[in-house]
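Here are the chains, one letter per residue:
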Amino acid sequence: MTLLSLSSYLPAGDLARIVAATLLASLVAPGAVAVGIAGLDRRDDGAVAVGNTLIGVAAATVTILVAIGIYALVQR
Amino acid sequence: MILTVATALVFNFTNGFHDTANAMATTIATEALPPRRAVGLAAVLNLVGAFLSVAVAATIASGIVDQGMITVPVIFAGLIGAIVWNVITWYAGIPSSSSHALVGGVIGSVLVAEGTAGVLWSGLASKVIAPALVAPFVCGLAALVATRVAYRSTRRRSEASVQRGFRVSQILSSSLVALAHGTNDAQKTMGVIVLTLVAGGRLAPGSAVPTWVIVTCAIAVALGTFSGGWRVIRTLGTKVTPIAPPQGFSAETASATTILASSFFGFSLSTTQVVSGGVIGTGLARRGGIVHWLVVRRMVVAWVLTVPAAGLIGASAEEMVAAFSSATTGVIVVAIITAVVLAVVFRIAHRTNVTAENVLDEVEVPTAGEALAPVVVTP
């Protein structure tokens with residue numbers, strides 16, 4: 001009943017898209033940082049090339065997420 | 001009109017210092033940045049954010065009150081309601097929505113000036129109440145998921161690497177929240193000033209936001225942010241739940257995503273409620289996590305009270321202004337009374353001063369190894 005009342009004020013489709021976007025970021029962002037942390041550990045263990053690659057992947061993913069965020073902020 | 005514009009800038013200042021916590025409370029709590037540097041970064045990003053967009057500057061209170069009934073004294077009284085409520089909740093250390101305070105203040109003053117016909121109740125439900133019911137849960141869920149992913153994906157890593165990695169990343173996610181706050185909240189005051197100028201006949205309806213309005217609003221919100229609302233930072237950063245760097249990162253990432261996704265789809269959520277939901281969500285995700293529900297309950301009560309309380313203060317201010325034969329005299333008198341009231345509150349607050357130096361005095365720091373076990377719920 002409450003959800004039905006809410007949906008008359010907040011379109012359910014838009015709400016679902018917002019939830020989907022936040023959940024996707026909640027999976028990708030910490031995952032990317034974890035990859036970066038793994039890269040730091042690998043580098044400390046002497047596997048410099050592998051470590052740098054992992055850190056690069058993590059940095060690129062986070063940069064893309066931030067760029068999408070700023071795009072959303074400016075382009076609404 | 002000059003006094004109303006100045007009052008709008010004071011509101012923007014209080015908005016800044018009240019909401020510094022949104023971006024930086026968890027960053028300060030996890031010591032990802034020292035307190036002064038954190039609020040300095042937030043201030044700069046709020047300043048930059050204010051220049052990013054003015055797309056919704058003209059929509060403040062539209063759809064909630066009848067714009068045709070707005071006069072300069074009504075705007076002034078609404079701002080007084082918002083400022084006083086912001087300062088009261090700051091004194092109590094409660095993170096409450098400055099935007100909802102502004103809406104409440106304006107509704108209160110419109111009710112006194114024009115009666116119930118001046119308020120669009122369905123707009124209040126769709127723009128304030130429904131988003132307020134949804135925002136903390138959406139962000140809380142996202143923060144809970146992010147926290148679990150953060151801990152699970154790093155469980156084989158050394159504690160030191162995990163703490164360091166998430167501390168650095170947290171600076172980025174909280175910066176995004178600060179940027180979004182500057183863009184969203186500075187625009188609200190720009191909208192108020194534009195509305196004042198239009199109501200006062202100094203600007204044609206539909207005009208672009210004047211550059212001086214953008215610049216002064218950006219500076220006011222940045223200065224407010226830099227002054228640091230340490231009381232609210234302490235509550236959000238240390239009293240709701242103990243926060244470790246992976247949790248701080250998760251809460252801020254979830255908050256930034258919720259705010260940005262919702263504003264992209266055209267919804268204006270309260271940054272405060274979103275971030276609060278994120279902090280609660282991340283507390284619920286952690287092994288042995290303690291969520292202080294009494295603190296949460298105080299916050300929720302404040303959220304429920306914000307619109308009616310700011311409305312009551314706004315209505316009282318409007319009554320007082322209207323009691324004078326000249327609106328200008330009324331505005332000046334109410335401004336003086338408000339200044340005295342605020343001075344008294346600040347004086348009382350000074351006795352139990354919370355500063356950058358003692359903001360973390362009561363912090364509990366959990367370790368990364370405490371992840372993913374049942375939550376302990378405390379009263």
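Each value, and the rule that gives it
- In this numbering scheme, every chain counts its residues from 1 along its sequence in written order.
- Key to labels: chains lettered from A, ligands numbered from 1, both in the order written.
- The predicted nature of this model means local features are confined to residues of pLDDT at least 70 and side-chain atom pairs, given and counted, to a pLDDT of 80 or more, with totals for whole chains, interfaces and linings taken over all residues.
- Side-chain measures were taken over the full set of non-hydrogen atoms in the model, leaving aside hydrogen atoms and water.
- Strands here are runs of E lasting at least two residues and helices are runs of H or I lasting at least four, both read from the DSSP assignment and numbered beginning at the N terminus.
- By this rule the span expected of a helix is its residue count minus one, scaled by 1.5 Å.
- Think of it in three bands: with a 1.4 Å probe and only protein chains considered, a residue is buried below 20% of the maximum accessible area for its type, exposed above 50%, and partly exposed in between.
- Nitrogen and oxygen atoms within 3.5 Å of one another constitute a polar contact, given that in protein one can donate a hydrogen and the other can accept it, and given that sequence-neighbouring residues count only through two side-chain atoms.
- Any Lys or Arg side-chain nitrogen found within 4 Å of a carboxyl oxygen on Asp or Glu counts as a salt bridge.
- Here a residue-residue contact requires only that any non-hydrogen atoms of the pair lie within 4.5 Å.
- What gets called buried area is simply the loss in accessible area from a 1.4 Å probe that two parts show on being joined, summed for both.
- Any residue outside Ala, Val, Leu, Ile, Met, Phe, Trp, Tyr, Cys, Pro, Asp, Glu, Lys and Arg is labelled polar, Gly included; the first ten of those are nonpolar and the last four are charged.
- To qualify as a nonpolar core, a set must consist of buried Ala, Val, Leu, Ile, Met, Phe, Trp, Tyr and Cys residues joined through side-chain atoms within 4.5 Å.
- Helix axes use the C-alpha atoms of the stretch in contact, all axes being lines fitted to C-alpha atoms, and the angles between their N-to-C directions lie in the range 0 to 180 degrees.
- Note on angle classes: values under 35 degrees are labelled roughly parallel, values over 145 roughly antiparallel, values of 65 to 115 roughly perpendicular, and the remainder oblique.
- Crossing chirality is assigned from the near helix's rotation relative to the far helix, an anticlockwise turn below a right angle marking it left-handed and a clockwise turn marking it right-handed.

A. Representation of helix H4 (residues 98–114) of chain B. All names here are of chain B. Along its 17 residues, H4 runs 24 Å from first to last C-alpha, staying within 8% of the 24 Å computed at 1.5 Å per residue. Taken across its 17 residues, H4 has 13 buried, putting it largely inside the fold. The residue sitting at the N-terminus of H4 and contributing the capping side-chain oxygen is Ser-97; that oxygen lies 3.3 Å from the backbone nitrogen of Ser-99.

B. Main features of the pattern of salt bridges. By the definition in use, this model includes 2 salt bridges over all chains. Here A:Arg17 ties to A:Asp14 by a salt bridge, and the two come within 2.9 Å at their closest N and O atoms. Of this pair, A:Arg17 and A:Asp14 both sit in helix H2 (residues 12–44), 3 residues apart, which is roughly one turn of that helix. By relative accessible area, A:Arg17 is classed as partly exposed at 46%. Across the pair B:Asp185 and B:Lys188 runs a salt bridge, and its minimum N-O distance is 3.3 Å. In this pair, B:Asp185 and B:Lys188 are both assigned in helix H6 (residues 159–199), 3 residues apart and thus about one turn of the helix distant. As far as burial versus exposure is concerned, B:Asp185 and B:Lys188 are alike and both buried.

C. Molecular detail of the interface of chain B and chain A. Taken together, the contacts link 45 residues of chain B with 35 residues of chain A. Summing the contributions of chain B and of chain A, the shared interface buries around 3400 Å²; its carbon and sulfur component is 80%. It is B:Phe264, B:Phe265 and B:Phe267 in chain B that bury the most area against chain A; as a group they hold 15% of the surface buried on that side. Seen at the junction of chain B and chain A, the total is 0 salt bridges. If you list the elements that add at least two residues to the side of chain B that touches chain A, you get helix H5 (121–153), H6 and helix H9 (245–264) of chain B. Considering each element in turn, the side of chain B that touches chain A owes the most residues, 15 residues, to H5(B). For the side of chain B that touches chain A, the per-class residue count stands at 26 nonpolar, 17 polar and 2 charged.

D. Inspection of the environment of A:Arg42 at higher detail. Residues and elements named next belong to chain A. Relative to the elements of secondary structure, Arg-42 occurs in helix H2. Of the residues examined, Arg-42 reaches a relative accessible area of 38% and is grouped as partly exposed. With 13 residues separating them along the chain, Arg-42 and Ile-55 place their C-alpha atoms 9.8 Å apart. Once residues lying within four places of it in the same chain are set aside, the contact partners of Arg-42 are Ala-47, Val-50, Gly-51 and Leu-54.

E. How the structure looks around the nonpolar core. Residues and elements named next belong to chain B. Counting residues in hydrophobic clusters, the biggest one holds 94 residues, and the most contacted among them are Ile-28, Ile-70, Met-190, Trp-230, Ile-233 and Val-240. Of all the elements, H6 adds the most residues to this core, at 12 residues. Ranked by size, the runner-up nonpolar core spans 8 residues in total, among them Ile-80, Val-84, Ala-317 and Val-334.

F. Here's a closer look at the packing of helix H3 (residues 72–91) of chain B against helix H11 (residues 293–323) of chain B. Residues and elements named next belong to chain B. At a closest axis distance of 7 Å, the pairing of H3 and H11 adopts a crossing angle of 135°. Relative to H11, H3 is oriented oblique. In the crossing of H3 with H11, the sense of the turn from one axis to the other is right-handed. Facing H3, whose interface residues are Pro-73, Val-74, Phe-76, Ala-77, Ile-80, Gly-81, Val-84 and Trp-85, H11 presents Ala-302, Leu-305, Thr-306, Ala-309, Ala-310, Ile-313, Gly-314, Ala-317, Glu-318 and Val-321.

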